[in-house]
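Below are the chains, spelled out letter by letter.
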Amino acid sequence: MLKAFKQVNTTLSNTHLTIMGEGKQREELEFLAKDLNLEQNVSLVGYKENPYPYYYYSDLYILSSRYEGFPNTLLEALACGTKVIATNCKSGPIEIIEDNNYGVLVPVDDEKVLAKSIIEYLKLENRTGNRANFFDINKIINEYESLLL
């Protein structure tokens with residue numbers, strides 16, 4: 001994502017990337033941001049108990065995973081009405097975004113396509129709609145009950 005963001009930042013002025021979460025790669029990300037001269041445009045804010053303000057006030061949420069199960073963060077961003085881009089990893093994002101109907105899917109590990117998609121989608125209308133409601137707990141419980149009965 002950082003390499004893609006370098007391309008975005010070169011093309012669009014006044015961009016900023018906030019990375020939430022904590023893990024083993026934090027130091028590596030900090031070094032990469034420095035190597036790419038992005039220290040002023042990238043914030044690593046760590047774990048946030050309440051991520052919703054970050055989603056809500058963002059122009060775009062990016063899930064650049066190589067692997068996912070069911071990406072709750074993607075649904076959380078959709079629930080906040082935020083535009084979403086996700087890598088089309090083995091499972092999860094495609095079921096939620098549905099072949100680009102509710103956001104943008106990009107190939108895994110393709111920084112050029114990711115950067116191009118970010119630049120283009122920032123200019124387009126938001127198409128998240130009410131997609132998060134499809135995964136509402138009450139709806140899902142009813143579906144499970146119908147399967148089990």
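Residues numbered from 1 in each chain as written. Predicted model: local features only at pLDDT ≥ 70, side-chain atom pairs only at ≥ 80, totals over all residues. Heavy atoms only, no water.

Caption draft 1: A look at a nonpolar patch on the surface. Together, Tyr-144, Leu-147 and Leu-148 make up a nonpolar patch on the protein surface, roughly 420 Å² of accessible area in all. Along the chain, Tyr-144 turns up in helix α7 (residues 137-148). (Patch = residues over 30% accessible without salt bridge, like charges linked within 9 Å, V, L, I, M, F, W, Y side chains within 5 Å. Areas by Shrake-Rupley, 256 points an atom, 1.4 Å probe, with all protein chains shown as cover. Salt bridge = Lys/Arg side-chain N within 4 Å of Asp/Glu carboxyl O. Helix = DSSP H or I, 4+ residues; strand = E, 2+ residues; numbered from the N terminus.)

Caption draft 2: Structural context of the pattern of salt bridges. All chains considered together, the criterion is met by 5 salt bridges. Here Arg-66 makes a salt bridge to Asp-109, at a shortest N to O gap of 3.0 Å. Of this pair, Arg-66 sits in the loop between β3 (61-63) and α4 (72-79) while Asp-109 sits in the loop between β5 (104-106) and α6 (111-123); the two residues are 43 residues apart in sequence, bridging distant segments of the chain. You'll find Arg-66 and Asp-109 in the same group, each marked exposed. Of the charged contacts in the structure, one is a salt bridge between Lys-116 and Glu-120, with a shortest N-O distance of 3.7 Å. Placement of the pair is Lys-116 and Glu-120 together in helix α6, with a separation of 4 residues, close to one helical turn. The exposure class of Lys-116 is exposed, given its relative accessible area of 51%. Sharing partners across several salt bridges, the network here consists of Glu-22, Arg-26 and Glu-30. (Buried < 20%, exposed > 50% of the residue type's maximum accessible area, 1.4 Å probe, protein only.)

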